[in-house]
Each structure stands twice: as C-alpha cells, then as structure tokens.
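Per-entry structural report
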Amino acid sequence: MSAGELAIETRGLTKVFGRQRAVDSIDLTVPRGSVFGFLGPNGSGKTTTIRVLLGLASATSGEVRLLDGEMPDDARAVLPRVGALVEGPAIYPFLSGRANLQRFDAADRRTDPATRSRRVDEALERVGLSHAAKKRAHAYSLGMKQRLGIANALLAPRDLLILDEPTNGLDPQGTREVRSLIRSLSDDGTTVFVSSHLLAEVEQMCTRIAVMSAGRLVAQGTLDELRSGGTARVRVTTPDAAEARRVLTGLGLTPEPHGHDDVVTAELSVAGLQPETVNAALVRAEVRVRGFEARGASLEDRFVALTGEGFDVAG
Amino acid sequence: MPAESAATHAPRTGGSLGLTLVVSEVAVLFRRLRTWAMIGALALIPILIAVVVRVSSDESSSGRGPAFLNSITQNGLFVSLTALTVAIPLFLPLTIGVVAGDTIAGEANLGTLRYLLVAPAGRIRLLLVKYAGAALFCFVATLTVVVTGAVVGALLFPVGPVTLLSGATVGIPGYFARLLLLALYVTVSLLGLSAIGLFISTLTSVPVGAMAATAALAVIAQILGALPQLEWLHPWLFTHHWLGFADLLREPIVWTSFADNALLQFGYIAVFGALAYGRFSTKDILS
C-alpha cells in the first residue's frame, strides 16, 4: 500500500517513560476511508500512541505519518484536517457548551471566524446537544461532556477522526447514536480511527482492527483476517460424556474439563478436521448426541488469546 | 474515494493573524468568577483606605502609615496613590501570581491544553497569547486600584489641583494623566513577574502550585531587597523598582526610573520567556 493511501502510518514507533516501554516499536497502517478499531486492554498503550500521533507527546524513536505529513514537523498543516477526542473530553466548566467549542475553534488560526457560530451549532446539533448549548458545562452529565468532546472533533470537515473511547460514559441510546454517526462520517469519506477496549463495539463498527497488548501491536488486519487466525470449536451435549471424550481423543482432539457433566468441548485443533466428521464419529460410536455445535473463532477468543486472560491492567 | 477528500477539506490558507485566540483568551479570563473576585478585592483597597481615613480624619496620626496617607484629607486624589503603594508589595503580586501561574498549568489541569494544541493552536503562539492575557490582567488590576481610588477619593474628600513632589502644581486633568502613567509604570513592573509565572506554569499541571510559587517569589525578592548585606544583588531583583514611581510625580517628569525598570523587566521577560519556550515547546502533554 503506498503512502498516499494511508491515513496513519507509523514505523517502529516507540515511547519510553522512564524504564517502561509504553509503546514498543509499533507499525500501524490505517488505510484511508477505513473505520479502524484500535483495541487493547486498559494500559496497553493506546492513548499514549494517540498522543504521539497527534504530536502531544514526542516519540522516543520511530516515525509517524498522518495524512500527507510527518508528525510532529507538519502538525500545523495536518492537524486542522484531523478531529480528535483524546482520553475523554475536557471542558472549561465555567463556560457554556457553545462557548467551549468556540474557544477550541478559535485556537486554530485557520478556521474562519465568520462561519464559527454556524459550525459550532451544527456540531452541537450533530451530537444532540443543541438544547443544552447555553448551559454551563459544569452542569453537564458525563454523557453530555462526552458528546461535547465528539462535537469538538466535528467542528470542521475532517479527513481523519481519531476518537479515543468515544462511547465512554454514554447510555445505550448514546452509544447507538455514536455508532451511526461514525458510520455516516465514514460514508462521507472520513477515515475514522477508534480506540476501544470494548470488543463488541469494534466488531460492530470497524472494517479493520489492530490489537495492542502491553505496548506492542500483536495483530493488525481486517476483521475476517483476525477471526481466521483463531481455531473453531465444537461443543457436544450428551449423557455419554465419558464415551464422547474418548471419541474426541481418538480423533486427535483434546477435550477440555467442563463444569457440566453432560457437555464436552474441544478446539478443532487438528488441521482439516471438519465438524461433521466429528459428529459422524460420535454417532458411529453410539454416543447419544443431544446437541452439537460448531463455532468459528469469535473475536473475543482471539482477543483474549492475543492479550491474555482477565483484562488485567498492564503494569 | 477517500483519497480525494483530503484536498477538498483543505483549510483556509493564510487566515487571520490568529488574534481570535487572544480575544478568546481575554474572554475566558474575564468570564471567570475568580478574576472578578480578585478585581473586586483590589478595588476594596482604596475604598477601605478612603473610608477609614474619612471616618477617623480628626485624629489623624501624622507621619505614620503608608506614603501619601496624610495627604488624603487635603486632597482626595491621593487615595489612588496611597492604595497603589499598599497594593504593590503583596496584593498585586498575589493576583498576578494567580493569573500567570494558571496560564499553562490551568489548561493542563482542565485537560483543555491538549485540545488547544490539537486544534492546533501552536505551542509558541499559545505561550504568547497566554502571556498577553496575563499582561492585560496586570494593566486591568493596576487600573482598578487607580480608578477606584480616584472615584472614592473624589466622593469622600475635597478635590483640587495637586502639589507634586517637586513643588509644582498640576491641575486635575494633568494629575489624571500622571495617574495613568503611574498605572503604566506599575503594569510594566509586574511584567517580569508574569513571565516568571508563565515559566513556572509550564513546569506543572497543578495550577495552585504554580500560583503559590509565583506569589512566593515576589515576596522573597522583596525580602532579599530589604537586606542591606545583599546590596550588590538589589539592582537585579525584579522588585527593585516596584516603588520607584515617585519620579513620575515630579515636574518635569524624570524618566530614569521608568526606563531602568522597563529594561530590567524586559530582561526578565526575555530570560523567563526563553525558559518557558524551551520547556513548553518540547514538553509531552500527558494531562
């Protein structure tokens, strides 16, 4: 993929804090036009990566290309085309929601003051905050602040949106709204880079994902590519569990211990072994099969396999 | 499809001088209750002085109290002068410390700093805008003391032509011109401290710490300035000319102290501005 087709590209991006390698030599490639999910447990280095992408923090080593510029050198040319929500919204509590956005808009010298009011109102409208525009932001709920943060990213037409945990603090309704907002922005040609620790969310919105774990990029690709990296599983419900285990073992599988006496599960770890072959073997051995389920690898299995069990905060 | 959108979204080239951020900065500063509380407190100084002197004017204790205090009963115009003398050592530096110490650290503390920089505001530009805001506050704070003093003085005491330190007499318009000049002198006096505050503010994301440190430095500098053993140091202290505005009350005006003060403050601005730039331009914004 040539550089012109990428919205974000990092090479060997590393950020070291003291002794800790918060981001360890990552190579991100985010194609233009994609909705890109940036997954990882809390503390895996997602936000640090985003800070470096946006020039808020400097990389210890490595290169960052954002749209057509090198960061941080070309920040002045590139950043006006990038909308960002970084580590949650930030507000001036003593200003109204509208005044907050006007302040951030005024910070960029290239925005047009003549259209400021209109653009601010449109952004507020887009996130459903119009009715609270005049209210002081300290009276906003967590979800309203989050909406204000998203509105700030939408103050001008953007080529790239970098949204760090955009649905944080939102109710289910708000989460749906954000998802459809991201979809419509993507339809307009905006590249959307969404970081999240919520798998389901990423699975619903994104066409491509990258997975971070303890500062390293452990996987990157389309959703299907990532799913296919895992192994399918079978789940058998039967009163003859012991016999079923014996049959599965005979096929070269490793049945797993299971809480229910009448359930046997195993990974389809033998290459070329199809679920129907397993079922036929069970029936031939006169195992009374009450239920048989073959399941492709879920993204969750894959995610846990890549980042480790338990969602522990990386130290 | 996605590739072409980059060109269509190109931002306005050229653009304004970026003065909108200065306007925004001033608006944010003066929309805070805290700013008005400080201005109110500063206005209270001449009011308190004038009222106390008026109430107890019969038993005036000549020779004691702040400079110009005894002249108030004869001429209300001296209230401003007395109030300035009282406010300069502590009260003004305190409020300047709050505003200058808050410049960067306050934004960092709110988290808004990252959004200003991502906008992008530009780090140097943001520093300059922040400093301009603090400098404006210095002027407003000083002017508050002077104007309130003039008004209260006129209300409570007789007002008339003023005899200057050199013995000459100026009319009321001439006196107000001097007062404005005085406000300018005090504003310039506080610019060095503002630069120090700006620098300290880039070091932390805890605004209260930066405010306290800035205000404390102003007090420390005055203490050092009072120690005769450190005479060699005195001309270098940013507080050295703080009370040296008497020269503006002569006829003709002696500009030496104004020029010396301006030069000294400019030196502080240059040094601490450079330090602030050095620190802030490469700082990782992690708040």
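Model, not experiment: these values are computed from the prediction. Just so you know, the residues in each chain are numbered from 1, in the order the chain's sequence is written. Throughout, the order in which chains and ligands are written sets their labels, letters from A for the former and numbers from 1 for the latter. Under the rules for a predicted model, residues below a pLDDT of 70 receive no local features and side-chain atom pairs below 80 are neither given nor counted, while totals for whole chains, interfaces and linings still include all residues. Side-chain metrics in this entry use all non-hydrogen atoms of the structure; hydrogen atoms and water are not considered.

So, on to the pairing of strand E12 (residues 233-237) of chain A. Residues and elements named next belong to chain A. Bridging between E12 and strand E13 (residues 263-267) involves five bridges; their strand directions are antiparallel. What sits directly across from Thr-237, in E13, is Val-263. For two strands to pair, DSSP has to find at least two bridges joining them. Numbering of helices and strands starts at the N terminus; helices are DSSP runs of H or I of at least 4 residues and strands are runs of E of at least 2. Taken together, the five bridges between E12 and strand E14 (residues 291-295) define a ladder with antiparallel strand orientation. Within the sheet, the bridge partner assigned to Thr-237 lies in E14 and is Gly-291.

Only protein atoms enter the 1 Å grid, on which a cavity is a set of points fitting a 1.4 Å probe that cannot get out and a pocket is an open set with protein on both sides within 12 Å along at least 5 of 7 lines, lining residues being those with an atom within 4 Å of a point. Grid points are joined across faces, edges and corners, and a volume is the space filled by probe spheres set on the points. On inspection of all chains with the given rule, the structure shows two cavities of 30 Å³ or more. Taken as a whole, the largest cavity holds about 130 Å³ of empty space. Contributing to the lining of the largest cavity are 15 residues, with A:Phe104, A:Asn152, A:Leu155, A:Arg158 and B:Ala119 lying nearest its centre. Elements that contribute at least two residues to the lining of the largest cavity include exactly strand E7 (82-85), helix H3 (97-107) and helix H5 (142-153) of chain A together with helix H6 (112-118) of chain B. No other element matches E7(A), which puts three residues into the lining of the largest cavity. Classes in brief: Ala, Val, Leu, Ile, Met, Phe, Trp, Tyr, Cys and Pro nonpolar; Asp, Glu, Lys and Arg charged; the others, Gly included, polar. Each residue belonging to the lining of the largest cavity can be placed in one class, and the counts come to nine nonpolar, three polar and three charged. Counted as a void, the second largest cavity has a volume near 50 Å³. Around the second largest cavity sit A:Pro89, A:Ala90, A:Ile91, A:Phe104, A:Leu148, A:Gly149, A:Asn152 and B:Tyr115, which together line it. With three residues, the single largest contributor to the lining of the second largest cavity is H5(A).

With that settled, consider a nonpolar patch on the surface. Residues and elements named next belong to chain B. Each patch is assembled from residues with relative accessible area greater than 30% and no salt bridge, linking like charges that lie within 9 Å and nonpolar side chains (Val, Leu, Ile, Met, Phe, Trp, Tyr) that lie within 5 Å. Accessible surface is estimated by sampling points in the Shrake-Rupley manner with a 1.4 Å probe; for residues, cover comes only from the protein chains shown. The term salt bridge refers to a side-chain nitrogen of Lys or Arg lying within 4 Å of a carboxyl oxygen of Asp or Glu. Where nonpolar side chains cluster on the molecular surface, the patch consists of Leu-44, Ile-47, Leu-48, Val-51 and Val-55 and spans about 440 Å² of accessible area. Relative to the helices and strands, Leu-48 is located in helix H3 (residues 33-55). Exposure categories follow from relative accessible area, calculated using a 1.4 Å probe and restricted to protein chains: below 20% of the type maximum is buried, above 50% is exposed, and the middle band is partly exposed. Since its relative accessible area comes to 51%, Leu-48 is described here as exposed.

With that out of the way, let us pick up the nonpolar core. Grouped together as the largest cluster of nonpolar side chains are 165 residues, with contacts concentrated most on A:Leu54, A:Ile162 and A:Phe193. For this core, the element with the highest residue contribution is helix H8 (residues 172-202) of chain B, accounting for 15 residues. Contact definition: two residues touch when any of their heavy atoms are within 4.5 Å. When near neighbours in sequence (up to four residues on either side) are disregarded, A:Phe193 contacts A:Ile8, A:Leu28, A:Val30, A:Phe36, A:Phe38, A:Ile50, A:Leu53, A:Leu160, A:Leu161, A:Ile162 and A:Leu163. Counting residues in each nonpolar core, the second largest holds 15 residues, with A:Ala241, A:Leu248, A:Ala266 and A:Leu282 among its members. Residues grouped as a nonpolar core are buried Ala, Val, Leu, Ile, Met, Phe, Trp, Tyr and Cys residues, joined through side-chain atoms within 4.5 Å.

A separate point is the layout of surface pockets. Taken as a whole, the largest pocket spans an internal volume of roughly 710 Å³. Along the wall of the largest pocket there are 33 residues; nearest its centre are A:Pro72, A:Ala75, A:Arg76, B:Gly122 and B:Arg123. Elements that contribute at least two residues to the lining of the largest pocket include exactly strand E5 (61-66), strand E6 (69-71) and helix H2 (75-78) of chain A together with helix H7 (123-156) of chain B. Top element by residues in the lining of the largest pocket is H7(B). It accounts for three residues. Broken down by class, the residue content of the lining of the largest pocket amounts to 15 nonpolar, seven polar and eleven charged. Empty space within the second largest pocket amounts to approximately 320 Å³. Considering the residues around the second largest pocket, the lining is formed by 17 residues, among which A:Lys46, A:Thr47, A:Thr48, A:Glu87 and A:Asp164 are closest to the centre. Residues of the lining of the second largest pocket, tallied by class, amount to three nonpolar, nine polar and five charged.

What follows covers helix H9 (residues 241-250) of chain A. All names here are of chain A. Buried residues of H9: Ala-241, Ala-244, Val-247 and Leu-248, and no others. An end-on view of H9 places all buried positions within 120° of arc, on one side of the element. Exposed side chains of H9 directed beyond 90 degrees from the buried face belong to Ala-242, Arg-246 and Gly-250. Considering only its buried residues, H9 is in contact with E13 and helix H10 (275-284). It is the directions from the helix axis to the C-beta atoms that the arc portrays.

What follows deals with the sheet that holds E7(A). Residues and elements named next belong to chain A. Read across the open sheet, the six strands follow the order E7-E8-E9-E4-E10-E11; overall the sheet is mixed. Whereas interior strands pair on both sides, the edge strands pair on one side only; in this sheet they are E7 and strand E11 (216-222). Neighbour-to-neighbour, the strand axes of the sheet open up by a mean angle of 15°, direction not taken into account. Here strand E8 (residues 160-164) pairs with strand E9 (residues 191-196) via five bridges, running parallel. In the sheet register, Leu-160 faces E9, and the bridge partner there is Thr-191. Along the sheet, helix H1 (residues 46-53) contacts strand E4 (35-39), E8, E9 and strand E10 (208-213); its crossing angle with E9, the most-contacted strand, is approximately 145°. Against the sheet, H5 contacts E7 and E8, and its axis sits at roughly 165° relative to E7. Inter-axis angles, ranging from 0 to 180 degrees, are taken between N-to-C directions of lines fitted to C-alpha atoms, where helices are fitted over the stretch in contact.

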